[in-house]
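Chain and residue survey
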Amino acid sequence: MPHTVGAADLLGFAAATTEAHGVPAEDARLLADTLVTAELWGHPSHGMLRLPWYLDRLASGATAAVAAPRTVSDNGAVLVVDGQDGLGQVLTAPAVAQGVERAHRHGISAVAVRNSGHFGTAAYFTRGAAEQGCVALLATNASPAMAPWGGREKRIGTNPWSIAAPGGRYGTVVLDIANTAVARGKIHHAKERGEPIPEGWAADADGVPTTDPARAIEGLILPMAGHKGYAMSFMFDVLAGVLTGSAFGSSVVGPYRPTGRSGVGHLLICVDIAAMADPAEFEARMEALIEETKSTPSAPGTAEVFVPGEPEARTAQRLRTEGITLADDTWAALTHIADATAVPLPRPVNSQELPA
């Protein structure tokens, strides 16, 4: 049966159970907020199904409960930080604050984070930079998920990236994608729901295309756009892994493994809009681009043309009223966490009980 809960209650549960694992309250709430925000955006693949993964890594000591980042180098516009195995979200949030501040000061900035962990959805962080007057690009690497083009063993991560920019009266325009045909979390989500995955998403361990999510998890995720997706993922590992001094390629450990240093690297680049253009003119130009794009005649079966980030904003508005519905397997995992931490589960509600 479906379990629908309010976003605020779900956030409180995730924060309390994370805090029960030794994470400071503010950091625990940040982690929880990234998970609930992903649910609100309609991306449960990066939502609550990942909470047990993070908590298992905290429990094993693979992830440090209390982050203690160390500055490796700092020349003003460029900052390199060693995360020393802290939670990815807890390390990336201050990296964004530093990136924005330094971009305002220098016009452009680059913040590299090495030895971090999975940080959830990249758009959570680039949106914040865009709301402070920057165009931001955030790249990260991930554990092996696909084979190099022409290969049959996992060596390359999904290595997602995000770009965000202010869109004037239309809010923030944001792209957040993996370089595979699909984010790995969506295959885990399909497995939790007991549903097949679409053709073209993955292959099994022998390289044979499959629609079975369990076989796909053990096998290969296929690159988007064929060889182009592979090449993009390789180059983003150059930016997020090799350049930052972090792990790269097959040495990166994913969040679904409870042990082993993650070694994830992130690279954030922020451009201060005011250093390149009049902000008001930039917003007017963005609005013109958005309006031209959305005025495109829609194809048969399509009700409306969207710009990047718009579907997520619409979904969040709806789910704040309707509530967030969790898959049975996700609810079972949260029940186990509740039992282990003595934190009460969020109370399932109906839409009439939720705030408008």
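In this report, we go over the structure that sits alongside the text. Throughout this description, residue numbers start from 1 for each chain and increase along the sequence as written. Reporting of local features is limited, given that this is a predicted model, to residues whose pLDDT is at least 70; pairs of side-chain atoms are given and counted only at 80 or more, and all residues count toward the totals for whole chains, interfaces and linings. The side-chain values count all of the structure's non-hydrogen atoms but skip hydrogen atoms and water molecules.

Comments concerning the overall build of the chain
Strands are runs of DSSP state E lasting at least two residues, helices are runs of H or I lasting at least four, and both sets are numbered from the N terminus onward. Looking only at helices and strands, one finds 12 helices and 14 strands in the chain. Radius of gyration here is computed from C-alpha atoms only, and the compact-globule reference equals 2.2 Å multiplied by the residue count raised to the power 0.38. Taken over C-alpha atoms, the radius of gyration comes to 20 Å for the chain, in line with the 21 Å a tight globule of 356 residues would show. Principal-axis analysis of the C-alpha atoms gives the chain an extent of 55 × 45 × 45 Å. Each accessible area is a Shrake-Rupley result for a 1.4 Å probe, and residues are judged covered by the shown protein chains and nothing else. Accessible surface, the chain: about 16000 Å² in total, of which carbon and sulfur atoms supply 56%. A residue counts as positive if it is Lys or Arg and as negative if it is Asp or Glu; His and the chain ends are not included. Taken as the charge location is NZ of Lys, CZ of Arg, CG of Asp or CD of Glu. Charged side chains of the chain number 26 positive and 37 negative; the gap between the two group centres comes to 5 Å.

Some remarks on the pairing of strand 2 (residues 70–74)
Here, strands pair whenever DSSP counts at least two bridges between them. Bridge count between strand 2 and strand 3 (residues 78–82): 4 bridges; the pairing is antiparallel. Paired with Thr71 across the strands is Val81, a residue of strand 3. In sequence, strand 2 turns back onto strand 3 through a hairpin of 3 residues, with Gly76 there showing a positive phi of about 100°.

What about the sheet that holds strand 8 (residues 161–166)?
The strand order 2-3-4-13-5-8-9 describes an open sheet built from 7 strands, whose pairing is mixed. Only two strands of the sheet have a single neighbouring strand rather than two, namely strand 2 and strand 9 (172–177). Pairwise comparison of adjacent strand axes, ignoring direction, gives a mean angle of 10° for this sheet. Where helix 4 (residues 88–106) meets the sheet, its contacts fall on strand 2, strand 3, strand 4 (108–116), strand 5 (134–140) and strand 13 (264–272), and the angle it forms with strand 4 comes to roughly 160°. With axes taken as lines fitted to C-alpha atoms, and helix axes fitted only over the stretch in contact, angles between N-to-C directions fall between 0 and 180 degrees. A contact between two residues is defined here by any heavy atoms of the two lying within 4.5 Å.

Let's talk about the packing of aromatic side chains
For this analysis, a ring pair means two rings from Phe, Tyr or Trp (six-membered ring only for Trp) whose centres lie within 6.5 Å, classed as stacked if their planes differ by under 30 degrees, edge-to-face if by over 60, and tilted for the remaining angles. For the structure shown, the criterion picks out 5 aromatic pairs. Seen from their ring centres, Trp161 and Phe236 are 4.9 Å apart, and the 15° between their planes marks the pair as stacked. Separated by 75 residues along the polypeptide, Trp161 in strand 8 and Phe236 in helix 8 (residues 227–242) bring together distant segments of the chain. A 1.4 Å probe rolled over the protein chains alone gives each residue an accessible area, and that area as a share of the maximum for its type sets the label: buried under 20%, exposed over 50%, partly exposed in between. Under the relative-accessibility criterion, Trp161 is labelled buried at 11%. Exposure remark for Phe236: the relative accessible area of 12% places this residue in the buried category.

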